[in-house]
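Remarks on the overall topology
Listed here are the chains, written in short residue letters.
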Amino acid sequence: MTSRLERVTEQRLNSLKRIRSKGVNPYPHSYYPSHTSADAIALFGRQGESPQSMSLAGRVVARRRMGRMAFLDIRDGSGKIQLCFRRDLLGDEDYEFLQEIDIGDVIGVEGKLFRTRAGEITLEASDFTMLCKSLRPLPEKWHGLADVEKRYRHRYLDLIASEEARSIFRVRSRITAAVRSFLNARGFVEVETPVLQSQAGGALARPFVTHHNALDEDLYLRIALELPLKKLVVGGFDRVYEIGRVFRNEGISVRHNPEFTLLECYQAYADYNDMMNLVEEMVSSVAREITGSTRIVCGGKEIDLAPPWQRRYLRQTIKSYCDIDFEDYPDTASLRSRMGEAGMEVDAAKGRGRLIDELLASFVEPDLIRPTFLLDYPVEMSPLAKRKRDNERLAERFEAFVNGIEVANAFTELNDPVEQRERFQQQLGERVGDEDVEIADEDFLQALEYGMPPTGGLGVGIDRLVMLLTGQQSLREVILFPQLKAKSDD
RNA sequence: GGGCCGUUAGCUCAGUUGGCAGAGCACCUGACUUUUAAUCAGGGUGUCGCAGGUUCGAAUCCUGUACGGCCUACCA
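Residues numbered from 1 in each chain as written. Chains lettered and ligands numbered in written order. Predicted model: local features only at pLDDT ≥ 70, side-chain atom pairs only at ≥ 80, totals over all residues. Heavy atoms only, no water.

1. Some thoughts on the overall build of chain A
When you go through chain A residue by residue, the secondary structure sums to 15 helices and 19 strands. Taken along its principal axes, the extent of the C-alpha atoms in chain A is 90 × 50 × 50 Å. Taking all 490 residues of chain A together, 48% fall into the buried category. Long-range contacts, defined as pairs at least 24 residues apart, comprise 65% of the intrachain contacts of chain A with a sequence gap of at least 6. Of the accessible surface of chain A, which amounts to about 24,000 Å², a share of 49% is contributed by carbon and sulfur atoms. For chain A, the distance from the average position of its 67 positive side-chain charges to the average position of its 78 negative side-chain charges is 8 Å. (Helix = DSSP H or I, 4+ residues; strand = E, 2+ residues; numbered from the N terminus. Buried < 20%, exposed > 50% of the residue type's maximum accessible area, 1.4 Å probe, protein only. Contact = heavy atoms within 4.5 Å. Areas by Shrake-Rupley, 256 points an atom, 1.4 Å probe, with all protein chains shown as cover. Lys, Arg positive; Asp, Glu negative; His and termini not counted. Charge placed at Lys NZ, Arg CZ, Asp CG, Glu CD.)

Take a look at the structure:
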């Protein structure tokens, strides 16, 4: 801490002492405002601007003192409202006590609304209460907090200073609520499954490892929700979903955070076609509920999320972009050499599935701006998906892309327990280098042996969906506390 | 992991050719009963990210390093 900050803090600690010496508790236990600022203003309008006694509470964000009269702005969860304090109404003692209220303090205030000469609806205070003394100066009122690192590390300051930040996280809450009500209305049951698992299955990613002391066992933080949810389908939950945090020990970027929120839902007796309909309906109806329209603006581009979304086959799409038909290269070696011919630097630790993924990521994905389903992925990229009815080399799987970002991944779930066991084996056999592979979960296989009905499954990255619907270009803008490297000072 | 850029007062930012560390907001004192980025008069201010180096002299030039941002590579 440097001296200016120290001095402000010292002044405020002195103010605290003065407050206490007057027998006032600067940190009382509760306060019950009769209205929020937004409700109060709306009510005043509805009642023909007739004054009515009420109480409000919020953080002081501005102060304009003018001798025997002062204006303060407070902000609560609903918005901002101006307060007016007059010496002649409050009396000398209370008006003097106003000196102890600084910008940043939280106060409660009682009074009646009126409209100022400038036309602003304002509460004329008849009494006020210190609810919390603040010891630190807030960010500058006009420019706010511009330092991106400080915005993420001290998100509360960002929220105090930035209406846009407040708005994004309120919208995020409405989005998850809308997704839940969409699924609940269709008979899906929301469940919670373990974050700590003895094996991290359901996706291909490096897990975080931790240790349970009492059991003396290593445990993994989940990388997907898939396997437990499919066990629940076996258990008779025909429509089930979870919105949960998953953890992947991989790179951080504007599109990746080590922990992120995943929606997975499973519908018995459905296939990936049904999941396509479900996801396009869900995303477009959530968008309509949140923004009032299916048209969104992202990175300067207008995108219409209304169904039906474009449907294209992965194989033909990749071929159209880079003239490589992966069906012509049935093994890793031949595909790798073809990609080498095309001038691509190919990582020797990648299997055929990863190579195809690379073709997709580098040639196709950035161009998939309008909502698009890419259909039918090679079986080896999709160990938990059922083979296509007319092509055993492909799986009934799709990924949905909007604005160049993958937002959903779904398949017709593989429910043949013998084939599932083989696919896990095959994954291990074809493993190249230290590539991540799908891990066989014995209890999952047993569950399939008891019998899982034909099922469609869908995964949606909620953070990315929020990015899309709020027009943000970075995942960190939609995650309250994004992962940053630890910093020892401040 | 690689490349580029940034880091100066609580906040937002200037800082010229290497020559006393600056402004606005905020803060303190005073004036002010309709202000609202209030206004007016006055006041105080810093680990120039950190560590070295060059120099009579470094916020400024050089080296290293930490953190962050963007691009890139991998993953959703």
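2. With respect to the sheet that holds strand β8 (residues 209-212)
Strand order in the open sheet formed by three strands is β7-β9-β8, and the pairing between neighbours is antiparallel. Looking at strand neighbours, the two that pair on one side only are β7 (196-197) and β8, the edges of this open sheet. Alignment of β8 against strand β9 (residues 217-221), held across four bridges, turns out to be antiparallel. Each residue of the ladder has a partner; that of H211, found in β9, is D218. (Pairing = 2+ DSSP bridges.)

3. So, the confidence of the model for chain A
Scored by pLDDT, chain A has a mean of 92; 97% of the residues are at 70 or more. Ranking the helices and strands of chain A by mean pLDDT puts strand β6 (residues 189-190) first, with 98, and helix α11 (residues 332-341) last, with 83. Two numbers describe this predicted complex: its pTM, 0.93, and its ipTM, 0.91. (pLDDT = per-residue confidence, 0-100.)

4. A look at the side chain of K133
Looking at where K133 falls in the secondary structure, it is placed in the loop between β5 (121-132) and α5 (148-153). Within the structure, K133 has its side chain in polar contact with the backbone oxygen of E100 (distance 2.6 Å). Contact partners of K133, with chain neighbours within four places excluded, come to R12, S15, L16, I19, P26, Y27, E100, I101, D102 and D105. (Polar contact = N/O pair within 3.5 Å; in protein donor to acceptor, adjacent residues only side chain to side chain.)

5. Brief notes about the pairing of strand β10 (residues 239-247)
Summarising burial for β10: seven of the nine residues are buried, a large majority. Direction of pairing for β6 relative to β10: parallel, over a ladder of two bridges. Among the inter-strand pairings, V189 is bridged to a residue of β10, identified as V240. Pairing of β10 with strand β11 (residues 259-268) involves nine bridges; the strand directions are antiparallel. In the strand pairing of β11, I243 is matched with L263.

6. Some words on the sheet that holds β5
Reading around the circumference, β1-β2-β3-β5-β4 is the order of the five strands in this closed barrel, with mixed pairing throughout. When strand polarity is set aside, the average angle formed by the axes of neighbouring strands in this sheet is 55°. Strands β1 (53-65), β2 (69-76), β3 (79-86), β4 (106-115) and β5 of the sheet are contacted by helix α2 (residues 37-46), whose axis makes an angle of about 75° with β3. (Axes fitted to C-alpha atoms, helices over the stretch in contact; angles between N-to-C directions.)

7. Re the pattern of salt bridges
Charged atoms that come close allow side chains of opposite charge to pair. Here the structure, examined in full by the defined rule, presents 41 salt bridges. Close ionic contact of R87 with D92 constitutes a salt bridge, the shortest N to O distance being 3.1 Å. Residue R87 is classed as partly exposed on the basis of its relative accessible area, which comes to 24%. On the basis of relative accessible area, D92 is assigned to the exposed category, the value being 52%. (Salt bridge = Lys/Arg side-chain N within 4 Å of Asp/Glu carboxyl O.)

8. Topic: the environment of R186
The topology assignment puts R186 in the loop between α7 (163-185) and β6. A sequence separation of 70 residues divides R186 from H256, and the C-alpha atoms of the two residues are 30 Å apart. Residues within four places of R186 in sequence aside, it is in contact with R239, L278 and E281.

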